[in-house]
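# A structural walkthrough
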Amino acid sequence: LNDVLATLREMMRCEVMNEPFANDTIIGLNHEELRAQSHNPMKYHNIKQMLLPDYSMGTAYSLINLIRTSVRETELLAVDAFMDNKKCVRTDIIEGLNRLSSAMHIMMCKQLAGEY
């Protein structure tokens, strides 16, 4: 979670300073690895794709999912916020939020798989 927090802080700093957001890894995974693991959790963590949350999955899983849904909501709001004459002016931040959402999904899979 500390890596997620650092990523969000860097993203906010870049937005405020009007600098490009460039982040090569989140939770130790590069962009290709994030996509691969989030799209095929069975292969990497022996977990079915996007299981609906259930109380039996535990508090930690639920809290990670809450963070994931907040990140996804922020991504959707960022699309609206960064539109200028029908052109998105901060695709770097929107892509970063999308990757962060994938990272949270992977963390949920790892929690269910007992990898934490």
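Figured I'd write up the structure that's included with this text.

Cut-offs and rules
Residues numbered from 1 in each chain as written. Predicted model: local features only at pLDDT ≥ 70, side-chain atom pairs only at ≥ 80, totals over all residues. Heavy atoms only, no water. Helix = DSSP H or I, 4+ residues; strand = E, 2+ residues; numbered from the N terminus. Rg over C-alpha atoms; globule rule 2.2 N^0.38 Å. Buried < 20%, exposed > 50% of the residue type's maximum accessible area, 1.4 Å probe, protein only. Contact = heavy atoms within 4.5 Å. Areas by Shrake-Rupley, 256 points an atom, 1.4 Å probe, with all protein chains shown as cover. Lys, Arg positive; Asp, Glu negative; His and termini not counted. Charge placed at Lys NZ, Arg CZ, Asp CG, Glu CD. Salt bridge = Lys/Arg side-chain N within 4 Å of Asp/Glu carboxyl O. Polar contact = N/O pair within 3.5 Å; in protein donor to acceptor, adjacent residues only side chain to side chain. Core = buried A, V, L, I, M, F, W, Y, C linked by side-chain atoms within 4.5 Å. Expected span 1.5 Å × (residues − 1). Arc of directions from axis to C-beta.

So, about the overall build of the chain. When you go through the chain residue by residue, the secondary structure sums to five helices and four strands. Helices (α) and strands (β) of the chain occur, in sequence order from the N terminus, as α-β-β-α-α-α-β-β-α. In terms of overall size, the chain behaves like a compact globule, its C-alpha atoms giving a radius of gyration of 15 Å where 116 residues would be expected to give roughly 13 Å. With respect to the principal axes defined by its C-alpha atoms, the chain has extents near 45 × 25 × 25 Å. Out of the 116 residues in the chain, the part that is buried amounts to 34%. For the chain, restricting intrachain contacts to residue pairs at least 6 apart in sequence, the fraction spanning at least 24 positions comes to 63%. Total accessible area on the chain stands at roughly 7400 Å², and carbon and sulfur atoms take up 54% of it. In the chain, which carries 12 positive and 15 negative side-chain charges, the distance between the mean positions of the two groups comes to 4 Å.

Here the focus is the side chain of arginine 68. Along the chain, arginine 68 turns up in helix α4 (residues 59-81). In this structure arginine 68 is buried but unpaired, with glutamate 75 as the nearest side chain of opposite charge at 8.3 Å. Here asparagine 65 takes part through its side chain, which lies 3.1 Å from a polar atom of the side chain of arginine 68.

What follows deals with the nonpolar core. Among the nonpolar cores identified, the biggest contains 22 residues, and Leu34, Ile93 and Leu97 are the most heavily contacted of them. Secondary-structure elements contributing two or more residues to this core are α1 (2-17), α4 and α5 (91-113). Setting aside residues up to four positions removed in sequence, leucine 97 forms contacts with Met11, Val71, Thr74, Glu75 and Ala78.

Moving on: α5. Taking 1.5 Å of rise per residue, 23 residues should cover 33 Å, and α5 covers 33 Å from first to last C-alpha, within 8% of that figure. Downstream of α5 by a residue or two, glycine 114 has a phi angle that is positive, lying close to 75 degrees.

Attention now goes to helix α2 (residues 31-39). Taken together, the buried positions of α2 are Leu34, Gln37 and Ser38. Along the long axis of α2, the arc covered by the buried residues comes to 95 degrees, so they all point the same way. More than 90 degrees from the buried face of α2, the exposed residues found are Glu32 and Arg35. Those residues of α2 hidden inside the fold are in contact with β1 (25-26), β2 (29-30), α3 (41-45) and α5.

Geometry only, nothing functional implied.
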